[in-house]
Amino acid sequence: MNFRRVKAVANKEFLHVVRDARSLGMAVAIPMLLLLLFGYALTLDVDHVPLAVWDRSQSAESRAFLARFTGSPYFSLHGYVWSGREIERAIDRREAMMGLVIPKDFPGRLASGRKASVQLIVDGSDSNTATIAIGYADVIVRTYSQDILMNEVRRKGMRPLDPPLEVRPRVWFNEEMKSKNYIVPGLIAVIMMVIAAMLTSLTVAREWERGTMEQLIATPVKASELVIGKLAPYFGIAFTDVAIAIFMGEFLFGVPLRGNSALLFGMATIFMAGVMSMGVFISIAAKNQLMATQLSMVLTFLPAFLLSGFTYAISNMPHAIQVVTYLVPARYFVSILKGIYLKGVGLDILWEETLLLVAFGAFMVLLSIVKFKKKLA
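Below, the structure is looked at part by part. The model shown is predicted, which means the values in this text are computed figures rather than measured ones. (Residues numbered from 1 in each chain as written. Predicted model: local features only at pLDDT ≥ 70, side-chain atom pairs only at ≥ 80, totals over all residues. Heavy atoms only, no water.)

Looking now at the overall build of the protein chain. Broken down by element type, the protein chain carries 15 helices and four strands. Against the globule reference of 21 Å for 377 residues, the protein chain gives a C-alpha radius of gyration of 29 Å, more extended than a compact globule. When the backbone C-alpha atoms are referred to their principal axes, the protein chain occupies close to 95 × 45 × 40 Å. Considering the protein chain as a whole, with its 377 residues, one finds that 40% of them fall into the buried category. Taking the contacts inside the protein chain whose residues are at least 6 apart along the sequence as the reference set, 78% of them involve residues at least 24 apart. Total accessible area on the protein chain stands at roughly 20700 Å², and carbon and sulfur atoms take up 61% of it. Of the charged side chains in the protein chain, 39 are positive and 29 negative; the average position of the first set lies 5 Å away from that of the second. (Helix = DSSP H or I, 4+ residues; strand = E, 2+ residues; numbered from the N terminus. Rg over C-alpha atoms; globule rule 2.2 N^0.38 Å. Buried < 20%, exposed > 50% of the residue type's maximum accessible area, 1.4 Å probe, protein only. Contact = heavy atoms within 4.5 Å. Areas by Shrake-Rupley, 256 points an atom, 1.4 Å probe, with all protein chains shown as cover. Lys, Arg positive; Asp, Glu negative; His and termini not counted. Charge placed at Lys NZ, Arg CZ, Asp CG, Glu CD.)

Look at helix α11 (residues 261-286): 37 Å from first C-alpha to last across 26 residues, which is about the 38 Å you get at 1.5 Å a residue. Residue N260 occupies the N-cap position of α11, its side-chain oxygen lying 2.8 Å from the main-chain nitrogen of A262. Two residues or fewer past α11, K287 is found with a positive phi of approximately 60 degrees. (Expected span 1.5 Å × (residues − 1). Polar contact = N/O pair within 3.5 Å; in protein donor to acceptor, adjacent residues only side chain to side chain.)

One open sheet holds the four strands; their spatial order is β2-β1-β3-β4, and the pairing between them is mixed. Of all the strands in the sheet, the pair left with one neighbour each is β2 (75-80) and β4 (119-122). Averaged over all adjacent pairs, the angle separating strand axes in this sheet is 25 degrees, with direction ignored. Relative to β4, strand β3 (residues 98-102) runs antiparallel, the two being bridged by four bridges. Each residue of the ladder has a partner; that of L100, found in β4, is L120. (Pairing = 2+ DSSP bridges. Axes fitted to C-alpha atoms, helices over the stretch in contact; angles between N-to-C directions.)

Note that all results are geometric; they support no functional claim without further evidence.
Right, dumping it as structure tokens:
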């Protein structure tokens, strides 16, 4: 490999990048915009669930019970209704997600020591949110019931029994259980995969469309020199995007970076080398900028978003889909980012994912070179 020829190709591509100021600006602005949109809009936290209440009892006991819901950060009172039909209408209009019905004999049953049943009507169109909201409501009801039992025991002058089993949960790595703490690192992987592939997916296709590929073929530039030369200028842009994403994650979204930042940039370099080589391969195969752009979006964004474990746990997917996820490089980079960001671990833990990323990068570079040789032939 002649590094002089590599430098010449890199300079040629660098001049094109600098001259196209709009594309350069978009390459920096799009990751920032995507991170802002997804970082604020995409959340898995369930709180302030709108609640419609039909209090048929209208008693002090029912108001004390409702105070447990209204005083919780997980529920917000939409309003009081006076019939089951009004609850149905509120849920149909998506003004409320849950409806709570308290019976007329609620205080009488509590006073007599009998069980009092309350009805909880839930909009199950969003099954995940509904399941979590039901869990929150169940905890509130259980806590209220325990308080009633404890007060009754004390009123009778008896000593309250301590429960035989006590759970003391301790959350590691994401103590506040904020979804953005693991969404933002995953977002960095997804955004960088899309942007890195799109940046390089137009490089060779542009040469074919402008008729300059014949001139490159006539030169002594080898396929390996052309591929590496085409990749070099875009590393600077990709590094800038990574630095901006890390800065925004820590100072805008408050996501802690517990691991080594140098290791993070090193892993990002390996990942970007593979993804940008993938973009060059798409560009070589497509020979058309529009087709190359479309292929890069389909082959990067959808797999990275759906099959990397970023939003959906891979263990919950069908077995056949789990096998497919091993072919998605973002799966390994997401795991690496979460390990560095949240756990602060190093290569002693992340060596397997690192080796797989290295293998992916080497394979894509080799595949791009081989594919370009075939085109020369």
